[in-house]
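Residues per chain are reported as follows:
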Amino acid sequence: MVRRTRVIVVGAGFAGLAATRELAKSGALVTLVDQHPYSTFQPLLYQVATAGMGTADVSYPIRTYAARWPNVRAHRGALSKVLPGERRVEFADGSALDYDYLVLATGVTTNWLGVAGARENALPIYSLNDAAILRRRLQHCLEDTAAGRRESCHVVVVGAGSTGVEIAGTLAELRRRTLPLTHPEIRPDQTSVTLVERFDFVLAPYKPRLRDAAAAALRKRGVRLRLGSTVASVEPDAVVLDDGTRLPSDVTVWALGVTAPDQVADWGLPQGKGGRITVTEALTVPDHPEIFVAGDLAGPPKPLPQLAQPAIQMGEHVGRQILAAAQGRPLRTFRYSDPGIMATVGKAEAVLQFPNGMTMRGLPAWLVWIFVHVSYLLGGRNRMSVLLNFFWRYIGPRRSATSVTQ
């Protein structure tokens, strides 16, 4: 009997799931590994942080995903060591697995960029736990302000990429539409939302007209923009800019920069910029053609945007290349097909940029943004729940928009 190819996929994000799906079709023995028992849909974490959705809406059990195919198994564990010579990986709990091919798709983590006090006093929004912590912090801040136990609940968001713009716009809408109903004790001057960005514009990858439209939409919602400003330090109650300006901040959200987790250095693989693992054009580790890297953790010769689509395409490519290698066929270079980029600012306002230069904004772009994100979700229940929550939050009665206390 011919032994089937054994593949270990570490990481259940966009890249890892795409690689698993591709490999499962071939009959290879696939083990999907993650330190959590669920996969997280990161693009909607800001909705969890602002109580528009629950944690179950943006997560999906890994074992349920693996159960779709008889040749796929799930394993919970945090990768601690890669042993290429033995073709084995070891995990923090002491367990180990052997492989013929290995896919590393664990993703990256928050980069504090060496800013003093950022790690201690700012809250990231990169994981499900991050979103839940931010949600509780906002809840406590508002309740304490309403009860007179604190003077204010000012929020400063650092970083005007998609995540920063989305969470700032959502919080500003809640501040204007919902807090007057749910927290009538709080005066308007006791709350604010400020977005800080070192560039002179928001949404750097977009065309100037879309950047300007997004900035105007944020200002219309009451967001205070501090563009062209670099953060020097983060204090428990303020964000200090490099010109000495102190922005009062009861809750500081860090939406700026990512880097490879520290433990990647223990794997003994070559690392490049941002700690990402250096890979060839075929997404293999140099000198180790049996090890592939996909998603944000990969450092290909040509940098790619850290979005869902590059990760999905890299995962699919890796799955196909492993099947080719197992059959003795040569590996192919990975080529990214850009479908465009999009970001939402708030209710009925989003920006969409196609690779051919065409753009879209406003309500049509917002509807496209919603349905594209819903289509990416795993499981019919998640899709229905998220779609319902979106329209109930933004189109339902004002009091149904929810506040961060729910």
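Our structure is the block above this text.
Rules and cut-offs
- Residues numbered from 1 in each chain as written.
- Predicted model: local features only at pLDDT ≥ 70, side-chain atom pairs only at ≥ 80, totals over all residues.
- Heavy atoms only, no water.
- Patch = residues over 30% accessible without salt bridge, like charges linked within 9 Å, V, L, I, M, F, W, Y side chains within 5 Å.
- Areas by Shrake-Rupley, 256 points an atom, 1.4 Å probe, with all protein chains shown as cover.
- Salt bridge = Lys/Arg side-chain N within 4 Å of Asp/Glu carboxyl O.
- Helix = DSSP H or I, 4+ residues; strand = E, 2+ residues; numbered from the N terminus.
- Axes fitted to C-alpha atoms, helices over the stretch in contact; angles between N-to-C directions.
- Parallel < 35°, antiparallel > 145°, perpendicular 65-115°, else oblique.
- Left-handed = near helix turned anticlockwise from the far one by under 90°.
- Contact = heavy atoms within 4.5 Å.
- Expected span 1.5 Å × (residues − 1).
- Buried < 20%, exposed > 50% of the residue type's maximum accessible area, 1.4 Å probe, protein only.
- Lys, Arg positive; Asp, Glu negative; His and termini not counted.
- Pairing = 2+ DSSP bridges.
- 1 Å grid on protein atoms, 1.4 Å probe; cavity = no way out; pocket = protein on both sides within 12 Å on 5 of 7 lines; lining within 4 Å.
- Points joined across faces, edges and corners; volume = space filled by probe spheres on them.
- Nonpolar A, V, L, I, M, F, W, Y, C, P; charged D, E, K, R; others polar.

Even after reading the chapter, I still don't get a nonpolar patch on the surface, so can you show me in this structure?
Residues Leu363, Leu367 and Phe371 make up a contiguous nonpolar surface patch of roughly 260 Å² in combined accessible area. Counting through the fold element by element, Leu363 comes out in helix α9 (residues 363-376).

In this structure, what is going on with the packing of α9 against helix α10 (residues 380-395)? I would like to understand it.
Geometry of a packed helix pair, given as the angle between the helix axes and the separation of the axes. Relative orientation of the contacting elements α9 and α10 amounts to 155°, with a least axis distance of 9 Å. Considering their axes alone, α9 and α10 lie roughly antiparallel with respect to each other. As α9 runs across α10, the sense of the crossing is right-handed. Mapping the contact onto sequence places Trp366, Leu367, Trp369, Ile370, Phe371, Val374 and Ser375 in α9 and Arg383, Val386, Leu387, Phe390, Phe391 and Tyr394 in α10.

What exactly am I supposed to notice about helix α7 (residues 208-220) here?
One turn of the α-helix equals 3.6 residues, which is why residues spaced by three or four share an orientation. Between the first and last C-alpha of α7 there are 18 Å, a value that for 13 residues agrees with the 18 Å anticipated at 1.5 Å per step. Those residues of α7 that sit buried are Leu210, Arg211, Ala213, Ala214, Ala215, Ala217 and Leu218. Where α7 is buried, its residues touch α6 (162-182), β13 (191-197), β14 (224-227), β24 (341-346), β25 (349-353) and β26 (359-361).

Please explain the side chain of Glu290 as it appears in this structure.
Structurally, Glu290 is set in strand β22 (residues 288-293). This buried residue, Glu290, is left without a salt bridge; Arg87 holds the nearest opposite charge, at 4.0 Å. In this structure Glu290 touches Pro84, Arg87, Tyr99, Asp100, Tyr101 and Leu102, once residues within four positions along its chain are discounted.

Can you help me understand the sheet that holds strand β8 (residues 96-98) in this one?
Adjacent strands of a sheet form backbone hydrogen bonds with each other and so pair up, either parallel or antiparallel. Across the sheet, which stays open at both edges, the 3 strands sit in the order β6-β7-β8 with antiparallel pairing between neighbours. Looking at strand neighbours, the two that pair on one side only are β6 (79-83) and β8, the edges of this open sheet. Pairs of neighbouring strands in the sheet enclose a mean axial angle of 20°, with direction left out of account. In terms of strand pairing, strand β7 (residues 88-91) meets β8 through 3 bridges, oriented antiparallel. Its bridge partner lying in β8, Val89 is registered against Leu97.

Whenever I open this one, the environment of Ala232 confuses me. Can you help?
Positionally, Ala232 belongs in strand β15 (residues 231-235). Assessed through its relative accessible area of 38%, Ala232 is described here as partly exposed. Residues Ala232 and Arg246 lie 14 residues apart in sequence; the distance between their C-alpha atoms is 10.0 Å. The residues contacting Ala232, other than those within four sequence positions of it, are Val115, Ala116, Val240, Leu241 and Asp242.

Any chance you could explain the environment of Gly299 here in plain terms?
Structurally, the position occupied by Gly299 is in strand β23 (residues 298-299). For the pair Gly299 and Leu283, spaced 16 residues apart in sequence, the C-alpha separation works out to 8.6 Å. Not counting residues within four places of it along the chain, the set of residues in contact with Gly299 comprises Arg276, Ile277, Thr278 and Val279.

Where do I start with the pattern of salt bridges in this structure?
When their charged atoms lie close together, side chains carrying opposite charge are able to pair. For the coordinates displayed, the defined rule picks out 11 salt bridges. In this structure, Asp189 and Arg187 form a salt bridge, with 2.9 Å as the shortest nitrogen-oxygen distance. For Arg187, a relative accessible area of 47% gives the class partly exposed. For Arg246, the salt bridge identified is with Glu235, shortest N-O distance 2.6 Å. A residue pair is termed long-range when its members are at least 10 positions apart, and Arg246 in strand β17 (residues 246-248) and Glu235 in strand β15 qualify at 11 residues. When its relative accessible area of 28% is taken as the criterion, Glu235 is described as partly exposed. Through salt bridges with shared partners, a single ionic network connects Glu235, Asp237 and Arg246.

Teacher, can you tell me more about the layout of surface pockets here?
Any space left empty among the atoms is revealed by the rolling of a water-sized probe across them. Here the second largest pocket is characterised by a volume of approximately 310 Å³. Lining the second largest pocket are 21 residues, and of these Phe14, Leu17, Tyr376, Leu377 and Leu378 sit closest to its centre. Mapped by element, the contributors of at least two residues to the lining of the second largest pocket are α1 (14-24), β3 (38-40), β4 (59-61), α8 (308-326), α9 and α10. For the lining of the second largest pocket, the element with the most residues is α1, which contributes 4 residues. Grouping the amino acids of the lining of the second largest pocket by side-chain chemistry returns 11 nonpolar, 7 polar and 3 charged.

These values are about where atoms sit, not about what they do.
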